[in-house]
Amino acid sequence: MKYVDEYRDGALAKGLLRAIARAVRADRSYAFMEFCGGHTHAIARHGIIDVLPQNLRMIHGPGCPVCVLPMGRLDAAMALARDPAVTLCTYADLMRVPGSHGETLIRAKADGADVRMIYSPLDALGLAEANPERQVVFLAIGFETTTPPTAAVVKAAEAKDLRNFSVFCNHVLTPMAMRAILEAPAHGEEAGPRLDGLVGPSHVSTIIGTDPYRPFPERYGVPVVVAGFEPVDILHAILMLVRQVNDDRAEVENQYVRAVTAEGNRIAQALMAEVFEHRESFEWRGLGTLPDSALRLRPRFARFDAERRFDMSSSGGRDHPGCACGAVLRGRLEPWECKLFGRVCTPDTPIGACMVSSEGACAAAWLHGSRSHSPDVPEEVSHV
Amino acid sequence: MSDPSITGSSLSKGDRDIDRVTMTHGAGGRAMADLIRDVFHAALGNPWLDQGNDQAALPIPEGGSLVMSTDGFVISPLFFPGGDIGSLAVHGTVNDLAMSGARPLYLSASFILEEGLPLADLRRIVQSMAGAARDAGVAVVTGDTKVVDRGKADGVFITTAGVGVTPVGLTLSGDRARPGDGIVLSGSIGDHGMAVMAQREHLGFETTIRSDSAALNGLVAAMVSAAGPHLKLMRDPTRGGLAATLNELARQSGVGMRIDEQAIVVKAEVRAACEILGLDPIHVANEGKLIAVVAPDGVPALLAAMGAHPLGREASVIGRVVADPDGRVIMETPFGGGRLIPWMAGEQLPRIC
């Protein structure tokens, strides 16, 4: 498959691995965070952790939209789904995330709630047109990648003057979450990890470009390399980060030049700016309440805002007391350091959101799971 | 349901009676007898079915053991590239029988029809079923038909049951995999699930992907005769895909498995569709593929026999059985890394069989 096979090529990957092995200095360690859940998933999916040098550690970041949605908003969605007048549409992963009482949208559906799994916000719009007697609500989540399509359907709903369509907007912004990670204190309850570099998002960067990452090297001295989602992309980005660290450089570099530019997709940005405005603050699971970190519909589109159409007073639900999703999302704990991991919390019976989505750090760690536990992985697989 | 012009249900002899299933067809009267004669017997007829009894008395070959299986089919859409619910209902049960090494002989078929189903669709489905049964060398010897109100089913649901006979001395079973055995896959994976998925109109993309739905009993007969006692077990990776089947077998045999990712054949168009939808082909359903576990000495003969059969041309060894009491199935990636092949958590594709 064109543009995929080349970037999954085993020989190319092994060449990059040799280059990384040659480049890393024996007298120091390297800690890089892949911000994006897509990278977390690819690293687990292709067994990349197994083949990196022992003194190079990849820390999973908070870039998983399902994972960072706080319990209060999840509970609000659950309550919305139980409104008999409402058809609630959302993406698949979200349907399995447990709310504060352990219930999920899948469970609500089994109890009779009208919950639909969709692939595109256009499907929600189509449902609203086909069922004028239903209140169709699109539960929108995601970083900048999924925001322009939501903006597009809101505009389409306005053009069609749809009275029964609204959006429960939970779109969040990447740069503020990155800043929160880099500003986390070194010690204490809210501590973050020591980071030598960031692997920047793929799809998000196609929209926002690489310019928004420039403050990170300048202000925090942390290099950023924007990388594609394929294994060769990720290994290439890791090599670029190692070289920056070794050269004592901190810059924004773009590995994903085939899709990402410095300024990003101007049309998508304009569409987002037309439909959305910044919220003063927004709660993130694991990162706390961050200013200017999320979007809501502008007043012009207020009639499509589910938060205005329905009573959505947050229930202030709380996470499971044993769940360490917050610390995992900050990169402070490894998934298997959580008491629940692999015992009561598995992909079949997720307790925390990080175990639900394939982009979640816990699901990825569970999927990978081979290095430390397997009795029969050959030597060359375990240690390269 | 009260307005016949909306529901398509009418007791009168209007046009709709002729071209759609109505509640009358399920009432046990003349309309039902006509439907059974004109649609089912016309297509599926054989000496046992033609006796018109509520049961069939069947001759069974001497020796071996009797194998029985049953399977329900609720696929949506009813027709998809490469097959339909009728051929699938034959292939599914024939394959479940064949995986024991049995020669499938007879099937029963039970139809639940939704009021309003176009009779043309029903005819097409039953004829397809008849063709699939003929090709697989089995006879549909007894059946049943029920009609339910509109909205209580989705066009048609079919349940088939089948019996077959295994040769004397052949015992294939999911608990027989042992460390050192080879794991053989008969061909490309993911074709059926993606063909059905792409057919769902709301996805809005066109592909050339066709379901691999096929009866595997011919391939199985060739495998049994080539590998004989070296053959330990066979299973068809249907719902849940290759991943679920490998995990089932590992658990049943109390062994682990190491799978070579590069040895698994996935058609380019299937892989592309999976990439678009964020699916992994190892979780996607197949309806015409099988996995065989075979003792090392039997591998060359088995591969040769499979390669000579049209349904086994792309057969290859995809991995090996290893000792692991925890039953882990691990994929070795082209980069020398590894990952667990998990069971699929929750549903990936609804109603694909």
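Cut-off values and rules
- Residues numbered from 1 in each chain as written.
- Chains lettered and ligands numbered in written order.
- Predicted model: local features only at pLDDT ≥ 70, side-chain atom pairs only at ≥ 80, totals over all residues.
- Heavy atoms only, no water.
- Helix = DSSP H or I, 4+ residues; strand = E, 2+ residues; numbered from the N terminus.
- Rg over C-alpha atoms; globule rule 2.2 N^0.38 Å.
- Buried < 20%, exposed > 50% of the residue type's maximum accessible area, 1.4 Å probe, protein only.
- Contact = heavy atoms within 4.5 Å.
- Areas by Shrake-Rupley, 256 points an atom, 1.4 Å probe, with all protein chains shown as cover.
- Lys, Arg positive; Asp, Glu negative; His and termini not counted.
- Charge placed at Lys NZ, Arg CZ, Asp CG, Glu CD.
- Disulfide = S-S within 2.5 Å.
- Buried area = accessible area lost by both parts, 1.4 Å probe.
- Salt bridge = Lys/Arg side-chain N within 4 Å of Asp/Glu carboxyl O.
- Polar contact = N/O pair within 3.5 Å; in protein donor to acceptor, adjacent residues only side chain to side chain.
- Nonpolar A, V, L, I, M, F, W, Y, C, P; charged D, E, K, R; others polar.
- Pairing = 2+ DSSP bridges.
- Axes fitted to C-alpha atoms, helices over the stretch in contact; angles between N-to-C directions.

Glancing now at the overall build of chain A. For chain A, the helix and strand inventory stands at 17 helices and 13 strands. In terms of C-alpha radius of gyration, chain A reaches 21 Å, essentially the compact-globule figure of 21 Å for 384 residues. For chain A, the spread of C-alpha atoms along the three principal axes comes to 65 × 45 × 45 Å. Across the 384 residues that make up chain A, the buried fraction comes to 58%. When contacts within chain A are restricted to residue pairs at least 6 apart in sequence, long-range pairs at least 24 apart make up 76% of them. In the structure as shown, chain A presents an accessible area of about 15,600 Å², 52% of it carried by carbon and sulfur atoms. For chain A, the distance from the average site of its 41 positive side-chain charges to the average site of its 47 negative ones is 1 Å.

Residues and elements named next belong to chain A. What the rule picks out here adds up to one disulfide over all chains. The disulfide that involves cysteine 64 links it to cysteine 67, with 2.3 Å between the sulfurs. Taking the sign of the S-S torsion, 65° for the link of cysteine 64 and cysteine 67, the bridge is right-handed. A residue is classified by how much of its surface remains accessible, and cysteine 64, at 1% relative accessible area, is buried. The class for cysteine 67 is buried, based on a relative accessible area of 1%. You can see cysteine 169 has no disulfide; the closest cysteine sulfur is in cysteine 89, sitting 15 Å from it. Free cysteine cysteine 354: the closest other cysteine sulfur is in cysteine 325, separated by 3.2 Å. Assessed through its relative accessible area of 1%, cysteine 354 is described here as buried.

Taken together, the 28 residues of chain B in the interface contact 32 residues of chain A. Interface of chain B and chain A: buried area, both sides summed, is about 2,500 Å²; carbon and sulfur atoms make up 56% of it. Looking only at chain B, the three residues that lose the most surface to chain A are Phe335, Arg339 and Leu340 of chain B, adding up to 26% of its buried area. At the junction of chain B and chain A, the tally comes to four salt bridges. Joining chain B to chain A, the criterion identifies eight residue pairs in polar contact (both at pLDDT 80 or more). Counting residues per element, the ones that place at least two in the side of chain B that touches chain A are helix H10 (268-277), strand E11 (316-322), strand E12 (329-332) and strand E13 (338-340) of chain B. The greatest single-element share of the side of chain B that touches chain A, amounting to four residues, is contributed by H10 of chain B. Within the side of chain B that touches chain A, the residues separate by chemical class into 13 nonpolar, five polar and ten charged.

Here we come to the sheet that holds strand E5 (residues 135-142) of chain A. Residue and element names in this part refer to chain A. Pairing within the open sheet is parallel, and its four strands lie in the order E4-E3-E5-E6. Every other strand in the sheet has two partners, leaving strand E4 (114-117) and strand E6 (165-171) as the edge strands with one partner each. Ignoring which end each strand starts from, the neighbouring axes of this sheet average 20° apart. By the bridge criterion, four bridges tie strand E3 (residues 86-90) to E4 in an arrangement that is parallel. Its bridge partner lying in E4, leucine 88 is registered against valine 115. Along the sheet, helix H5 (residues 71-81) makes contact with E3, E4, E5 and E6, crossing E6 at roughly 165°. Of the strands in this sheet, E5 and E6 are in contact with helix H8 (residues 147-159), which crosses E6 at around 160°.

Attention now moves to the environment of alanine 222 of chain B. Residues and elements named next belong to chain B. Topologically, alanine 222 is positioned in helix H8 (residues 217-227). Classification of alanine 222 by relative accessible area gives partly exposed; the value is 23%. Expressed as a C-alpha distance, the spacing of alanine 222 and histidine 309, which sit 87 residues apart in the sequence, is 7.9 Å.

Attention shifts here to the sheet that holds strand E7 (residues 197-200) of chain A. Residues and elements named next belong to chain A. Ordered in space as E2-E1-E7-E8-E9, the five strands form an open sheet in which the pairing is parallel. The open sheet has two edge strands with one neighbour each: strand E2 (56-63) and strand E9 (252-254). Looking at each pair of strands side by side, their axes are set apart by 25° on average, direction ignored. Strand direction decides the pairing type here: strand E8 (residues 224-226) and E9, joined by three bridges, are parallel. From the neighbouring strand, valine 224 faces E9, where its bridge partner is valine 252.

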